[in-house]
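Single-letter residue listing:
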Amino acid sequence: MSLTVLFAASNDDWQKYSAALKTAFADARLDVALVTQAEPETVDYIIYAPSCSLRDFGPYKNTKAVLSLWAGVEKIVTNETLTMPLARMVDPGMTQSMTEWVTGHVMRYHLGMDAHIVNPSQDWIWHSNPLAQERTVCILGLGELGTAAARSLLALNFNVSGWSRSAKAVEGVTCFHGAEGLTQALGTADIVVLLLPDTAETANTLNESTLALLPKGARILNPGRGPLIDDAALIDALDSGRIAHATLDVFRVEPLPVDHPFWAHPKVTVTPHIAAATRPVTSSVEIARNIRLCEDGQPMINLVDRARGY
Ligand code: NAP
Ligand code: GLV
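Residues numbered from 1 in each chain as written. Chains lettered and ligands numbered in written order. Predicted model: local features only at pLDDT ≥ 70, side-chain atom pairs only at ≥ 80, totals over all residues. Heavy atoms only, no water.

(A) Quick look at the sheet that holds strand β5 (residues 86-87). Across the sheet, which stays open at both edges, the five strands sit in the order β2-β1-β3-β4-β5 with parallel pairing between neighbours. If you trace the sheet from one side to the other, it starts and ends with β2 (32-35) and β5, each paired once. Together, β1 (3-8), β2 and β3 (45-48) form the strand contacts of helix α1 (residues 11-27), whose direction differs from that of β2 by roughly 175°. Across the sheet, helix α9 (residues 280-295) is in contact with β1, β3, β4 (65-68) and β5; its angle to β3 comes to roughly 160°. (Pairing = 2+ DSSP bridges. Helix = DSSP H or I, 4+ residues; strand = E, 2+ residues; numbered from the N terminus. Contact = heavy atoms within 4.5 Å. Axes fitted to C-alpha atoms, helices over the stretch in contact; angles between N-to-C directions.)

As structure tokens, then:
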């Protein structure tokens, strides 16, 4: 039986994904009509990105699941018309990309690269860096992406700690959880990486009081979501010298407005939400796999818990 899969994303996304999805469906032995428009009651699955105009899922009465092209689902998780299962994106290509971004920016801080890359007065700036095992990187969020980044940093010998909502065990990582765990995790963190989802509970995880828990001169990487940090508190902490530098990939408003103080701040590096894009080929395989599971009557994977918000 043929399935109708509605691709609800931008035209740009259609150009990037349509061929890869068709190949992945065929490889998963799924007979699929992949369309960008359809009568709602004929749609079996929706592949969704917030770049499309679809907001009312009510008419999609026979749709078995919505599969997000994004890992972060904060833009649809509270949509009350979306009553069918919602799967978030877990994509090995995205995970590799995030691991590369985090590792690269940790190494920039660890090696003090900036002093040599931008050195117009040609100063002979000698310094001895600590070894990786003398540096603690703390990852807030030990999910798909945080755990992969932690493993990559462990392989480079960093001392790695992590924080999650529930108790976790990741070999080699000092794991903390809950409110008290955050205090402990931040207290020893030379570099903090935010890889939490954007939920009501994670808003302003780094604020005036939690920033004050960090050792003086700590650095921050935020490839998670903008609302995880209180922007004004971060700027105060950078200005006072408590935080030495921040590299931010995600913002409360994107693109980051031209007049936002982060752009001009000498202790902030802005990257334009590029840490880990979904990769069409690898993510299409995962989407097809999840639809195959559902068609076989098996539990789908990577389902979002609406109550938790991620
Ligand atoms: P995930 O697998 O769902 O992991 C989320 C982690 O955050 C889990 O360890 C979870 O704890 C923890 N967490 C959630 N709420 C918490 C709370 N209140 N207190 C403490 N820990 C909490 O998500 P993921 O796939 O790793 O992705 C993480 C986020 O990265 C996404 O939500 C998205 O916002 C962002 N992202 C950014 C980019 C980019 O290009 N910049 C790309 C992809 C994703 P438990 O383990 O206890 O559940
Ligand atoms: C990107 O930020 C994503 O959530 O996939």
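(B) Just helix α5 (residues 178-187), in detail. Regarding α5, the residues found buried are Gly-181, Leu-182, Ala-185 and Leu-186. Projected down its long axis, α5 carries its buried residues within an arc of 125°, all on one side. The inward-facing, buried residues of α5 contact β6 (136-140), β7 (159-164), β8 (174-177), β9 (191-194) and α6 (208-211). (Buried < 20%, exposed > 50% of the residue type's maximum accessible area, 1.4 Å probe, protein only. Arc of directions from axis to C-beta.)

(C) Spotlight on the site of ligand 1. Residues in close proximity to ligand 1 total 29 residues, the closest being Arg-88, Arg-165, Ser-166, Pro-223 and Tyr-310. One of the side-chain nitrogen or oxygen atoms of Arg-88 is found 2.8 Å away from an oxygen atom of ligand 1. Interatomic distance of 3.1 Å between a side-chain N/O atom of Glu-201 and a nitrogen atom of ligand 1. Surface burial for ligand 1 is 93%, taken as the share of its 930 Å² of free accessible area covered by protein chains. Within the residue set of the shell around ligand 1, elements represented by two or more residues are α2 (92-111), α4 (144-155) and β7. When grouped by side-chain class, the residues that make up the shell around ligand 1 number 14 nonpolar, eight polar and seven charged. (Near = heavy atom within 4 Å. Polar contact = N/O pair within 3.5 Å; in protein donor to acceptor, adjacent residues only side chain to side chain. Areas by Shrake-Rupley, 256 points an atom, 1.4 Å probe, with all protein chains shown as cover. Nonpolar A, V, L, I, M, F, W, Y, C, P; charged D, E, K, R; others polar.)

(D) Broad picture of the pattern of salt bridges. Applying the stated rule across the entire model yields nine salt bridges. Residues Lys-64 and Asp-44 are paired through a salt bridge, measuring 3.9 Å at the closest nitrogen-oxygen approach. Here Lys-64 is found in the loop between β3 and β4, whereas its partner Asp-44 is found in the loop between β2 and β3, with 20 residues between them in sequence. By relative accessible area, which is 30% here, Lys-64 ends up partly exposed. Linked through salt bridges whose partners overlap, the residues forming this network are Asp-44, Lys-64 and Glu-295. (Salt bridge = Lys/Arg side-chain N within 4 Å of Asp/Glu carboxyl O.)

(E) Layout of empty space enclosed by the protein. The tally for this structure, following the rule as stated, stands at two cavities of 30 Å³ or more. What the largest cavity holds in volume is close to 70 Å³. Around the largest cavity, the lining residues are Leu-67, Ser-68, Ala-87, Arg-88, Met-89, Val-90, Glu-286, Ile-287, Asn-290 and Asn-302. Put simply, the parts of the chain that give the lining of the largest cavity at least two residues each are β4 and α9. Per-class residue counts for the lining of the largest cavity are five nonpolar, three polar and two charged. Put simply, the second largest cavity is a space of about 50 Å³. For the second largest cavity, the full set of lining residues is Tyr-48, Pro-50, Ser-68, Trp-70, Gly-72, Val-73, Glu-74, Lys-75, Ile-76 and Arg-225. (1 Å grid on protein atoms, 1.4 Å probe; cavity = no way out; pocket = protein on both sides within 12 Å on 5 of 7 lines; lining within 4 Å. Points joined across faces, edges and corners; volume = space filled by probe spheres on them.)

(F) Region of interest: the site of ligand 2. Every residue near ligand 2 is listed here: Trp-70, Ala-71, Gly-72, Met-94, Arg-225 and His-273. At 2.8 Å from an oxygen atom of ligand 2 is found a main-chain nitrogen or oxygen belonging to Ala-71. Within the side chain of His-273, an N or O atom sits 2.6 Å from an oxygen atom of ligand 2. Its residues placed into classes, the shell around ligand 2 shows three nonpolar, two polar and one charged.

(G) Highlighting the packing of aromatic side chains. Per the counting criterion, the structure on display carries four aromatic pairs. Among the aromatic residues, those joined into a cluster by ring pairs are Phe-7, Trp-14 and Tyr-17. Geometry around Tyr-310 places Arg-308 over its ring, the cationic atom sitting 4.1 Å from the centre. (Phe/Tyr/Trp six-rings, centres within 6.5 Å; stacked < 30°, edge-to-face > 60°. Lys NZ or Arg CZ within 6 Å of the ring centre and 35° of its normal.)

(H) Structural detail: the pairing of β7. In terms of burial, β7 is largely enclosed, as five of its six residues are buried. One ladder, built from five bridges, connects β6 with β7; its direction is parallel. Bridged to Ile-139 within β7 is Gly-162. The handedness of the β6 to β7 crossover, carried by α4, is right-handed. (Right-handed = clockwise from strand over helix to strand, strands pointing away.)

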